[in-house]
Amino acid sequence: MRDNFHSAIGIPVVSLPLRRYPRTLYSVPITVRHLCWDGVRTTRGISLDLGEGGLGALLEQIVVGDTVALDFSLNERSVSTVAIVRHASGARCGFEFVGLTAEEKQEIGGRTIIVGKQQNVRA
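What counts and what doesn't
- Each chain has its residues counted from 1, running along the sequence as written.
- Restriction of local features to residues with pLDDT of at least 70 applies here, the model being predicted, together with a cutoff of 80 or more for giving and counting side-chain atom pairs; totals for whole chains, interfaces and linings are based on all residues.
- Each side-chain value is derived from all of the structure's non-hydrogen atoms; neither hydrogens nor water enter the calculation.
- Under the scheme used here, helices are H or I runs from DSSP no shorter than 4 residues and strands are E runs no shorter than 2 residues, and both carry numbers assigned from the N terminus.
- For each residue, the accessible area found with a 1.4 Å probe, counting protein chains only, is set against the maximum for its type, and the residue is called buried under 20%, exposed over 50%, and partly exposed in between.
- Here, residues are in contact when the closest pair of their heavy atoms is within 4.5 Å.
- All accessible-area figures derive from a Shrake-Rupley calculation using a 1.4 Å probe, and residue coverage is judged against the displayed protein chains alone.
- By definition, a salt bridge exists where a carboxyl oxygen of Asp or Glu is found within 4 Å of a side-chain nitrogen of Lys or Arg.
- For the purposes of this section, nonpolar cores are sets of buried Ala, Val, Leu, Ile, Met, Phe, Trp, Tyr and Cys residues that join through side-chain atoms within 4.5 Å.
- Two strands make a pair as long as DSSP finds a minimum of two bridges between them.

### Looking at the overall build of the protein
Along the protein, the regular secondary structure elements total one helix and nine strands. A buried classification covers 31% of the 123 residues belonging to the protein. Across the protein, contacts joining residues at least 24 apart in sequence account for 49% of those joining residues at least 6 apart. For the protein, the exposed surface amounts to about 8,200 Å²; the carbon and sulfur share of it is 55%.

Structure representation (structure tokens):
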């Protein structure tokens, strides 16, 4: 749901809805495998942020709506999951996880909460 506010000079300001899951800065190498017209393409990039619902990354040659296999490390172990490309703009893109195990979701959620608490202490 969007809330409409007005600036000091009367211009409407629209606030966007918050994410379903909080994200935290998280930078690790990632590998994405996706189907192309000529077969499976492997693309490498780097993650920017992470939450239970998805991952933001710097990555080229990706199409919004594609379903991909996504590999990255989490707490010194390898995660391989399925994700949908939800955003792509230049080299920045966003993935929505659709194949995480309950254990992986819990691990990511715990990491997000711990980092969030640390960030709140600094603020």
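### Focus on the pattern of salt bridges
Across all of its chains, the model carries five salt bridges by this definition. A network of salt bridges, in which partner residues are shared, links Arg23, Asp49 and Arg92.

### Focus on the nonpolar core
Core analysis: the largest hydrophobic core is formed by 21 residues, its most contacted members being Val32, Leu50, Ile62, Leu70, Phe72, Phe95 and Phe97. Elements represented by at least two residues in this core include exactly strand 4 (29-36), strand 6 (54-58), strand 7 (67-74), strand 8 (77-89) and strand 9 (92-97). A per-element tally of this core places strand 7 first, with four residues. Those residues in contact with Leu70 that lie beyond four places of it in its chain are Ile30, Thr31, Val32, Leu55, Val79, Ser80, Thr81, Ala83, Phe95 and Phe97.

### What about the pairing of strand 8?
Bridge count between strand 7 and strand 8: eight bridges; the pairing is antiparallel. The residue of strand 8 that forms the bridge with Val68 is Ala83. The loop that links strand 7 with its antiparallel partner strand 8 comprises two residues; one of these, Asn75, has a positive phi angle of about 50°. Where strand 8 folds back on strand 9, the antiparallel hairpin that results is connected by two residues, among which Gly90 adopts a positive phi of roughly 65°.

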